[in-house]
Amino acid sequence: MDSLRDVKPIKFIFSIFFLIIILSACNSTAELPRFVQPLKPDGTLSFLVVGDWGRRGSYNQSQVALQMGKIGKDLNIDFLISTGDNFYDDGIISPYDSQFQDSFTNIYTASSLQKPWYNVLGNHDYRGNVYAQLSPILRDLDCRWICLRSYVVNAEIVDIFFVDTTPFVDKYFDEPKDHVYDWRGVLPRNKYLNNLLTDVDVALQESMAKWKIVVGHHTIKSVGHHGVTIELEKQLLPILEANEVDLYINGHDHCLEHISSINSGIQFMTSGGGSKAWKGDVNDYNPQEMRFYYDGQGFMSVYTSEAELRVVFYDGFGRILHRWSTCKKAVYSDI
């Protein structure tokens, strides 16, 4: 197993990035914080996506992490994305919570995974101390960790927009059951959501990248356990369609999934198989839209160049389950 000592050179660089972002956020209420992610010398970019993972290695989390390390090495990935629900069942209670080490640092130890991790928050993360996951202390403990509520990663040919989806869901406010959510920084809710939608819309409109990818925790289209998130379908989806987004990537449903929209060019990708999966939990679906569904653990990879966008899904043993790619908006392969 490789030590985090091997990745200290990126710590200073990302500390500077965070300083710039914090200053920018303090001086602007209408612009999402931004990171700059360099391309490889050949002008390409590769990354892995995993979601719904933080269980101290249980429910095959460690097995998935092992395969991610192998695939990450083969693909020479540049970074990783987490689609949220980073720590079960109730987030973390402080930046020094042992969950962070036990579910993240001590699990994703392969040398290929010692790259920036861009995270969003999931509903389980909101049941803990949200500010703990956003704290720069976590970056001091593990310099890979990058987590804001909503932000943009600019990588020349592709812009990736991370959206805080949990505050959109009505039931967390109206019917929280026995759960306690940390809504600090979100209330008043309507103002928060209106500002966020405006910021996302403006950022998408201003993007000059060849490819536009949006990442959120919650589903927009899914045939898994949670299914369609009505609030996102009503409020966020029209913005994505108007701005010709290429991919919407989410977690929340503990499966791997690819749905094509019949109303737009958006491809909906679920990568929520980082640990516990829900076997056999599948709802009815539209065969015109459904491209792939797997009710087990796994993750996905994304490759981008100026001309091509390619997605591959892997199971918990590293076996390829599904491929999809598009070249200048024209799909040319699908298995």
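No experiment lies behind these values; they were computed from the predicted model shown.

Rules and cut-offs
- Residues numbered from 1 in each chain as written.
- Predicted model: local features only at pLDDT ≥ 70, side-chain atom pairs only at ≥ 80, totals over all residues.
- Heavy atoms only, no water.
- Phe/Tyr/Trp six-rings, centres within 6.5 Å; stacked < 30°, edge-to-face > 60°.
- Helix = DSSP H or I, 4+ residues; strand = E, 2+ residues; numbered from the N terminus.
- Buried < 20%, exposed > 50% of the residue type's maximum accessible area, 1.4 Å probe, protein only.
- Salt bridge = Lys/Arg side-chain N within 4 Å of Asp/Glu carboxyl O.
- Polar contact = N/O pair within 3.5 Å; in protein donor to acceptor, adjacent residues only side chain to side chain.
- Contact = heavy atoms within 4.5 Å.
- Pairing = 2+ DSSP bridges.
- Axes fitted to C-alpha atoms, helices over the stretch in contact; angles between N-to-C directions.
- pLDDT = per-residue confidence, 0-100.
- Core = buried A, V, L, I, M, F, W, Y, C linked by side-chain atoms within 4.5 Å.
- 1 Å grid on protein atoms, 1.4 Å probe; cavity = no way out; pocket = protein on both sides within 12 Å on 5 of 7 lines; lining within 4 Å.
- Points joined across faces, edges and corners; volume = space filled by probe spheres on them.
- Nonpolar A, V, L, I, M, F, W, Y, C, P; charged D, E, K, R; others polar.

## What to know about the packing of aromatic side chains
Thought 1: Scanning the model with the defined rule gives 26 aromatic pairs in all.
Thought 2: Between Trp53 and Tyr108 the ring centres are 5.5 Å apart and the planes differ by 90°, which places this aromatic pair in the edge-to-face class. Taken as a pair, Trp53 in the loop between strand S2 (45-50) and helix H2 (61-75) and Tyr108 in the loop between helix H3 (98-105) and strand S4 (117-119) lie far apart in primary sequence, 55 residues in all. Considered together, Trp53 and Tyr108 belong to a single accessibility category, that of buried residues.

## Here's the deal with the pattern of salt bridges
Thought 1: Enumeration according to the criterion identifies eleven salt bridges in this entry.
Thought 2: Measuring nitrogen to oxygen at the nearest pair gives 3.4 Å for the salt bridge that ties Lys221 to Glu289. Pair noted here: Lys221 is in the loop between strand S8 (211-216) and helix H8 (230-235) and Glu289 is in the loop between strand S11 (267-271) and strand S12 (290-294), with a separation of 68 residues, a long-range link. The burial state of Lys221 is the same as that of Glu289; both residues are buried.
Thought 3: Lys279 is paired through a salt bridge with Asp295; the nearest N and O atoms lie 3.4 Å apart. Here Asp295 lies in the loop between S12 and strand S13 (298-304) and Lys279 lies in the loop between S11 and S12, a separation of 16 residues in the sequence.
Thought 4: On the accessibility criterion, Lys279 (63% relative accessible area) is exposed.
Thought 5: The buried category is assigned to Asp295, whose relative accessible area is 16%.

## Section: the side chain of Gln133
Thought 1: Relative to the helices and strands, Gln133 resides in helix H4 (residues 130-134).
Thought 2: Given a relative accessible area of 0%, Gln133 falls into the buried group.
Thought 3: At 3.1 Å, the side chain of Gln133 and the side chain of Asn86 are in polar contact.
Thought 4: If sequence neighbours within four positions are ignored, Gln133 has contacts with Asn86, Phe87, Gly91, Ile92, Leu121, Asp125, Leu138, Trp145 and Cys147.

## Comments concerning the side chain of Thr44
Thought 1: Examined against the element boundaries, Thr44 turns out to sit in the loop between strand S1 (34-36) and S2.
Thought 2: Looking at Thr44, the relative accessible area reads 8%, which means it is buried.
Thought 3: Here Asp42 takes part through its side chain, which lies 2.7 Å from a polar atom of the side chain of Thr44.
Thought 4: The residues contacting Thr44, other than those within four sequence positions of it, are Leu39, Asp78, Tyr303, Thr304 and Ser305.

## Quick look at the sheet that holds S12
Thought 1: Ordered by their spatial adjacency, eight strands build an open sheet running S1-S6-S7-S8-S9-S11-S10-S12, and the pairing between neighbours is mixed. Looking at the sheet topology across the chains shown, the edges are occupied by S1 and S12. Strand-to-strand, the axes of this sheet are offset by a mean angle of 15°, without reference to chain direction.
Thought 2: Here five bridges tie strand S6 (residues 151-155) to strand S7 (residues 158-163), and the two strands are oriented antiparallel to one another.

## Some details on the confidence of the model for the protein
Thought 1: Summary statistics for the protein give a mean pLDDT of 91 and a share of 89% for residues scoring 70 or more.
Thought 2: Counting interchain partners and residues more than four positions distant, the pLDDT-below-50 stretch residues 1-29 has 32 contacts.

## Some points on the nonpolar core
The nonpolar side chains of soluble globular proteins are, as a tendency, buried together.
Thought 1: Residues Met68, Tyr108, Leu236, Leu240 and Tyr248 are the most contacted members of the largest nonpolar core, which totals 59 residues.
Thought 2: Take this core: its biggest share by element is seven residues, from helix H7 (residues 189-206).
Thought 3: Once residues within four sequence positions are removed from consideration, Leu240 is found in contact with Leu204, Val214, Ile220, Val245, Tyr248 and Ile266.

## Describing the pairing of strand S15 (residues 320-327)
Thought 1: As paired elements, strand S14 (residues 308-315) and S15 share seven bridges and run antiparallel to each other. Considered in S15, the bridge of Arg310 is made with Ser325.
Thought 2: Here S14 hands over to S15 after four residues, with Gly318 in that stretch at a positive phi of 80°.

## Some details on the layout of surface pockets
Thought 1: What the second largest pocket holds in volume is close to 340 Å³.
Thought 2: In this structure, the second largest pocket is lined by 19 residues; those nearest its centre are Asn123, His124, Arg127, His179 and His226.
Thought 3: A breakdown of the residues in the lining of the second largest pocket according to their chemical character gives five nonpolar, six polar and eight charged.

## Remarks on the environment of Tyr181
Thought 1: By secondary structure assignment, the location of Tyr181 is in the loop between helix H6 (171-174) and H7.
Thought 2: Residue class for Tyr181 comes out buried when judged on its relative accessible area of 11%.
Thought 3: Through-space distance from the C-alpha of Tyr181 to that of Tyr126 is 5.3 Å; in sequence the pair is 55 residues apart.
Thought 4: Ignoring any residue separated from it by four or fewer positions in sequence, one finds Tyr181 in contact with Asn123, Tyr126, Arg127, Tyr172 and Pro176.

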